[in-house]
Amino acid sequence: MLFLLYMGCIQLAGQETPRKYVALKTLEALSIDGKANEPSWSNVEWSSDFIDIEGMKIPEYKTQMKMLWDNTYLYFFAQMEEPHIWGTLKQRDTVIFYNNDFEIFIDPDGDTHNYMEFEMNALNTVWDLFLTKPYRNQGKVLDSWDIQGLKSAVYVDGTLNKSNDSDTGWSVEIAIPWSVLTEASNSKNLPKNEFWRINFSRVNWDYELTDGRYSRKKDENGKYLPEYNWVWSPQGVINMHEPEHWGYVYFSTNRTGGKDDFSIPKDEYIKWHLYELYRNFRDRRKEDTKGKSANDEIFGFSKELFGKSFTPILEDCKTGFTIWTKSPFTNKTLIVKNDGKFETHEEK
């Protein structure tokens, strides 16, 4: 089945793509109060509605986000429908997703390494952390890392932690300094007219009440029911820490009220396919108990994309493996290394 699936020319252009968003520039001073009352916010588009993390189910409650930027900050605003707004965690850098929360994931270079995660609940308690690699690649989690100069606020359209009424929803407004964001980038310059890989997640729990106090709901055996994961760009798997699935945010120098077009580069489509091969090869290799090279049969065959072909190559040895191909669009060599890091090399 795998052989038939991968051999020959496979048309990849029709596969589901990550979502994209164009962030416009603002010259207006923004007050971080959770309300987004400034004209700049009114003059930029909402994102697509969030969807279940696997990309198949429509969430029960609506979530949307917007973005802006200026020379000092990258701004986020998210609005979430919620009939029961609650939060219990008040200590910074605790595990915020044990409450209903809003989350941001940022990978400036799109190499799946050295990325940032930010979470906050309805009490405006935040958790910011830095990951050197995804968990699948045994990366380090720098929990003591903080976003210096962070600004965040929550607006509750209803009553927080009051169980005997029904609420409308809550919104968050966040400003992260570029001076912090560019630390994880190859360039200290602002990404003007460039894109970063970013995704957003909303964690929501079924709740139960004890003496009027909210908490995560448990089943008859005393175990917490699983959370709902609603995201902007679907992951296809219940795991936010596969950064190759994240969306594309393009930082346009056009000002609010204007528009800009952004097309995902064709090399990115090749990159998605290389990561699909990477994940499959890793999984098959773990299951292989006979010492043979797992999944060899899917490499070395031509794949077709936008009318041009490329050939993924596997180089496997005792110290690791590399999956690479040469782009027919840019003549660059695209590589996914053994630890999942993506690299691009140009012909000299």
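Our subject is the structure that appears above.
Cut-offs used in this document
Residues numbered from 1 in each chain as written. Predicted model: local features only at pLDDT ≥ 70, side-chain atom pairs only at ≥ 80, totals over all residues. Heavy atoms only, no water. Helix = DSSP H or I, 4+ residues; strand = E, 2+ residues; numbered from the N terminus. Buried < 20%, exposed > 50% of the residue type's maximum accessible area, 1.4 Å probe, protein only. Contact = heavy atoms within 4.5 Å. Areas by Shrake-Rupley, 256 points an atom, 1.4 Å probe, with all protein chains shown as cover. Lys, Arg positive; Asp, Glu negative; His and termini not counted. Charge placed at Lys NZ, Arg CZ, Asp CG, Glu CD. Pairing = 2+ DSSP bridges. Axes fitted to C-alpha atoms, helices over the stretch in contact; angles between N-to-C directions. Core = buried A, V, L, I, M, F, W, Y, C linked by side-chain atoms within 4.5 Å. Salt bridge = Lys/Arg side-chain N within 4 Å of Asp/Glu carboxyl O.

A.B. asks: I tried to follow the overall build of the protein chain on my own but got confused; where do I start?
C.D. replies: Looking only at helices and strands, the protein chain has 4 helices and 21 strands in total. Considering only C-alpha atoms, the protein chain reaches an extent of 60 × 55 × 35 Å along its principal axes. Taken across its 348 residues, the protein chain has 49% of its residues classed as buried. Contacts in the protein chain between residues at least 24 apart in sequence constitute 65% of all its contacts with a sequence separation of at least 6. Accessible surface, the protein chain: about 16700 Å² in total, of which carbon and sulfur atoms supply 46%. Side chains of the protein chain give 42 positive and 54 negative charges; the mean places of these two sets differ by 4 Å.

A.B. asks: Whenever I open this one, the side chain of Asp267 confuses me. Can you help?
C.D. replies: Relative to the assigned elements, Asp267 resides in helix α4 (residues 266-287). Beyond its immediate sequence surroundings of up to four residues, Asp267 is in contact with Ser327, Phe329, Thr330, Lys332 and Leu334.

A.B. asks: For this particular structure, what's the right way to read the sheet that holds strand β20 (residues 333-336)?
C.D. replies: Within a beta sheet, neighbouring strands are joined by backbone hydrogen bonds and run either parallel or antiparallel to one another. Taken in spatial order, the 4 strands of this open sheet run β18-β19-β20-β21, and their pairing is antiparallel. Taken across any chain shown, the strands that pair with only one partner, and hence form the sheet edges, are β18 (313-317) and β21 (342-345). Averaged over all neighbouring strand pairs, the angle between strand axes comes to 20°, with direction disregarded. Note: β20 against β21, 4 bridges, orientation antiparallel. Bridging from a neighbouring strand, Val336 pairs with Phe342 of β21.

A.B. asks: Before we go on, may I ask you to explain the nonpolar core in this structure?
C.D. replies: Ranked by internal contacts, the top residues of the largest apolar core, which has 50 residues, are Met67, Ile174, Phe200 and Phe251. The element contributing the most residues to this core is strand β4 (residues 73-81), with 7 residues. By size, the runner-up hydrophobic cluster in this structure holds 21 residues, among which are Ile270, Tyr275, Phe299 and Phe310.

A.B. asks: Help me understand the environment of Val249 in this model?
C.D. replies: Locating Val249 in the fold gives a position in strand β15 (residues 247-255). Judged by relative accessible area, Val249 falls into the buried class, the value being 0%. Between the alpha carbons of Val249 and Lys20 there is a distance of 5.7 Å; along the sequence they are 229 residues apart. Aside from chain neighbours lying at most four places away, what touches Val249 is Tyr21, Ala23, Met67, Glu194, Phe195, Trp196, Ile198 and Trp232.

A.B. asks: When you look at the pattern of salt bridges in this model, what are you seeing that I'm missing?
C.D. replies: Opposite charge on two side chains lets them pair, provided their charged atoms get close. Enumeration over the complete set of coordinates arrives at 11 salt bridges. Among the ionic pairs, Glu45 bridges to Lys259, the shortest N-O distance being 2.6 Å. Highlighted residues: Glu45 in the loop between α2 (39-42) and β2 (51-52) and Lys259 in the loop between β15 and α4, separated in sequence by 214 residues. The exposure classification of Glu45 matches that of Lys259, with both residues exposed. For Arg197, the salt bridge goes to Glu268, with nearest N and O atoms at 3.6 Å. Residue Arg197 is located in strand β11 (residues 195-204), and its partner Glu268 is located in helix α4; the two are separated by 71 residues in the primary sequence.

A.B. asks: Would you explain unusual backbone geometry in this entry?
C.D. replies: If a residue is not glycine, its phi is most likely negative; likewise, a peptide bond is most likely trans. Although it is not a glycine, Asp93 sits at a positive phi angle of roughly 70°. Secondary-structure assignment places Asp93 in the loop between β4 and β5 (101-107). The partly exposed category is assigned to Asp93, whose relative accessible area is 22%. For Asn114, which is not glycine, the phi dihedral falls at a positive 55°. Summarising the element assignment, Asn114 is placed in the loop between β5 and β6 (115-121).

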